[in-house]
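# Commentary on secondary and tertiary structure
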Amino acid sequence: MSISQIFENISHLLQIQSGPSHRSRNYQRAAYIIRDLTDESGDEIPYLQDLTETDRLEQVRGIGESTATKIVEIIQTGTCQLYEDLKSEIGERVLDLLRVRGIGIKTASQLYQSAEIKSLADLRSAIDTGKLKEIRGLGVKTLKSIDSSLAYLESVQNLKPLGDIKPLADGLMDLLQTCSAIERVEVTGEYRRGKDMLGRLDLLVVGNAEAVQQTLTDHIEIEIITEEVVTVTVDRFPVHIYCTDHSTFAWDWLQTTGSLRHIEQLGLTQSSYRTEADIYDSVDLPYIAPELRRSTRRSDPIKAAKISPNLVTITDILADLHMHTNWSDGLNTVQEMVNGAKDLGYHYLAITDHSRSSVIANGLSAERLKAQIDVVKVIASETEGLTVLTGSEVDILKDGRLDFVDDLLAELDVVIASVHSGFGMSQVQMTKRIIRAVENPFTMMVGHPTGRLLGSRPGYAVDLSAVIDAAADHGVALEINASPYRLDLESDAVMEAKSKGVMLSVNTDAHAVSNLNQMPLGITIARRGWLESANLINTLSLDDFRRWKNRCQKL
Ligand SMILES: [Zn+2]
Ligand SMILES: [Zn+2]
């Protein structure tokens, strides 16, 4: 845990224990200050260490003697006494309350002080026994929001977003490949099928269990649970490592990838095959990509493979149409984002910062947007081999109007309409709001259409089928937002959009150059939703994209 995070937790714990105070505010401020004291890699410790060693720490504005002492203590021990004391007095789980929509620090403090609610489990029982209703000051709307948000958190309690597991999977694969007794390492299971929330990571290796265990224990901290299938936890996340040999590799890979129903559906009898393609061939089927092997009410793998024999791949992507710069809440300049996209070999990209109503995200006023358009055009004229488009991620206002007037929208190459506020509105209102935005002739795409944040917030209430119908009627595209925190739309909705003839666009919504690399995550979702290159707008050549835009905006 980072030092700033520890300070923030201390501040929260102090406030939950006894309300806001001078002391709690000091720790909050220290957390903000430390967050800014990072070196270029974003790592705070080396810089703080340097400040400490040269006795400059206390000269930083806002860091007093006691804060400085604690920083040194955390650098040395990974934590500090005050934090440990508060955790044992109040319980660490109390901070989970802050993840519930409708519970801010004030409410958390009230829940703790008046009803001894110290964890999500306590909160659940307070709801079930009616105790929560008796707490003063919690309105009906807040109670409802707390209830639904808690239900969501419970449903994902032991799950982690796909994007969070990727570094773990990549790291373990690299590590296992260093062992000479291990000849091959592949991901398998739900991770290989591209499920968006995972309860476990599965790997398949050619090698024996002892070699796997030895390699792991030599290099990282793990807890070994069973040994036959090597079952370990890394950073408290369960990992299964299946061991096999070359002769049964293809068979085991298919079996461990699943889904179970799909394997049953194939009706195979065990024998040895060289590749998975051979296995499918033996039952007269084409190779079925792992992302299609989920069996749900909507998705049948065999049907999927017949309808979409050529799933989209990362090499089909010619553009990234949604990204932010330091004009709004992004980290990098327009030029840096352009360079980043160029490095990825794209043919075109769009700069789409936030609009004025997204105040927290430093959204652009009409004047600033006009100024940015000029800047982007200059950079575009100086850039070779990549076309730079102007754009905006325009807020959909509560009544469904867009945040800029038509004359300004008409000047932009790319107009994405997104909801960033008023998440609590009823499903009827929200659906009307988004459909009105879809009907706006300038809207080309709806950004992150459900507003979900994986693992922390379900989407807003919306009749997605109605939105998809409207998008079909008006030729508007829907986004597959590839941010690891969103993956929005999810794959079933993607399937529905495709079946209704709606175009989609996989965008990174990058807020830094490094985020431009998130495209593959979005492609996984697109593939799980049966998409081929022809279903996406950012696989079009620039000329075709412009033609599509003109049709979409009826120009
Ligand atoms: Zn957005
Ligand atoms: Zn965005």
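Residues numbered from 1 in each chain as written. Chains lettered and ligands numbered in written order. Predicted model: local features only at pLDDT ≥ 70, side-chain atom pairs only at ≥ 80, totals over all residues.

Looking now at the sheet that holds strand 13 (residues 477-481). Spatially, 8-9-10-11-12-13-14 is the arrangement adopted by the seven strands of the open sheet, whose pairing is parallel. The sheet is open, and its two borders are formed by strand 8 (319-320) and strand 14 (504-507), each paired with just one other strand. Relative to strand 9 (residues 348-354), strand 8 runs parallel, the two sharing two bridges. If you follow Ala 319 over to strand 9, its bridge partner there is Tyr 348. (Pairing = 2+ DSSP bridges. Helix = DSSP H or I, 4+ residues; strand = E, 2+ residues; numbered from the N terminus.)

Our next topic: the pairing of strand 7 (residues 237-244). Across six bridges, the pairing between strand 4 (residues 201-206) and strand 7 is parallel. Each bridged residue has a counterpart across the sheet, and for Leu 203 the counterpart in strand 7 is Ile 241. As paired strands, strand 6 (residues 230-234) and strand 7 are joined by five bridges and run antiparallel to one another. Across the sheet, Val 234 pairs through a bridge with Phe 237, a residue of strand 7. Hairpin remark: strand 6 followed by strand 7, antiparallel, with two residues in the connecting loop; positive phi at Asp 235, about 50°.

The next subject is the pairing of strand 6. In this structure, strand 5 (residues 223-226) lies alongside strand 6, joined through three bridges in antiparallel fashion. Bridge assignment links Glu 223 to a residue of strand 6, and that residue is Thr 233.

Among the nonpolar cores identified, the biggest contains 104 residues, and Leu 349, Ile 434, Val 494 and Leu 504 are the most heavily contacted of them. In contact with Ile 434, not counting residues within four places along its chain, are Ile 396, Val 419, Val 446, Val 462 and Val 467. If you look at the next biggest cluster of nonpolar residues, it comprises 31 residues, including Leu 14, Ile 63, Val 100 and Leu 111. (Core = buried A, V, L, I, M, F, W, Y, C linked by C-beta atoms within 7 Å. Buried ≥ 20, exposed ≤ 12 C-beta atoms within 10 Å, placed from the backbone. Contact = placed C-beta atoms within 7 Å.)

What follows is about the environment of Asn 481. Note that Asn 481 resides in strand 13. The exposure class of Asn 481 is buried, given the 28 C-beta atoms found within 10 Å. Taking C-alpha positions, Asn 481 is 10.0 Å from Gly 451, a pair spaced 30 residues apart along the chain. With near-sequence residues (within four places) excluded, Asn 481 lies in contact with Gly 447, His 448, Arg 486, Leu 487, Asp 488, Asn 507 and Asp 509.

Strand order in the open sheet formed by five strands is 2-4-7-6-5, with mixed pairing between adjacent strands. At either margin of the open sheet sits one strand with a lone partner, and together these are strand 2 (184-188) and strand 5. If you compare each strand with its neighbour and ignore which way they point, the axes differ by 30° on average. Docked against the sheet, helix 11 (residues 209-219) engages strand 4, strand 5, strand 6 and strand 7, running at close to 15° with respect to strand 6. The strands touched by helix 12 (residues 249-257) are strand 2, strand 4 and strand 7; relative to strand 4, the strand with the most contacts, the crossing angle is about 175°. (Axes fitted to C-alpha atoms, helices over the stretch in contact; angles between N-to-C directions.)

Assigned domains of the protein chain: these are domain 1 (3-155), domain 2 (160-307) and domain 3 (319-552). Placing the centre of domain 2 and that of domain 3 at their C-alpha centroids yields a distance of 34 Å. Broken down by secondary-structure element, the contributors of at least two residues to the side of domain 2 that touches domain 3 are strand 1 (160-161), helix 9 (162-177) and helix 15 (301-307). At three residues, the largest contribution of residues to the side of domain 2 that touches domain 3 is made by helix 9. Split into classes, the residues belonging to the side of domain 2 that touches domain 3 amount to six nonpolar, three polar and six charged. (Domains from an automatic or database assignment. Nonpolar A, V, L, I, M, F, W, Y, C, P; charged D, E, K, R; others polar.)

As a further point, take unusual backbone geometry. Here the bond from Gly 258 into Ser 259 is cis, since omega is -5°, no more than 30 degrees from zero. Looking at the element boundaries, Ser 259 is found in the loop between helix 12 and helix 13 (260-266). In this structure, the amide linkage connecting Asp 488 to the following residue, Leu 489, adopts the cis form with an omega of 10°. Mapped onto the elements of the fold, Leu 489 is located in the loop between strand 13 and helix 21 (491-499). Although it is not a glycine, Asp 235 adopts a positive phi angle of roughly 50°. Note on placement: Asp 235 falls in the loop between strand 6 and strand 7. Among the residues examined, Asp 235 registers 10 C-beta atoms within 10 Å and is labelled exposed. With a phi close to 55°, Asp 284 is a non-glycine residue in the positive phi region. Residue placement: Asp 284 occurs in the loop between helix 14 (276-282) and helix 15.

Turning our attention to the packing of helix 1 (residues 3-18) against helix 6 (residues 105-115). Where helix 1 contacts helix 6, the axes come no closer than 7 Å and their chain directions differ by 50°. Considered as vectors, helix 1 and helix 6 are oriented oblique to each other. As helix 1 runs across helix 6, the sense of the crossing is right-handed. Of helix 6, the residues touching helix 1 (which contributes His 12, Gln 15 and Ile 16) are Ile 105, Ala 108, Ser 109 and Tyr 112. (Parallel < 35°, antiparallel > 145°, perpendicular 65-115°, else oblique. Left-handed = near helix turned anticlockwise from the far one by under 90°.)

The next subject is the packing of helix 19 (residues 427-439) against helix 20 (residues 464-474). Two elements in contact, helix 19 and helix 20, have axes whose closest approach is 9 Å; the angle formed by their N-to-C orientations is 10°. Between helix 19 and helix 20, the angle falls in the class roughly parallel. Contact with helix 19, carried on its side by Thr 431, Ile 434, Ile 435, Val 438 and Glu 439, involves Ala 466, Val 467, Ala 470, Ala 471 and His 474 of helix 20 and no other residues of that element. Counted by class, the contact of helix 19 with helix 20 contains seven nonpolar, two polar and one charged residues.

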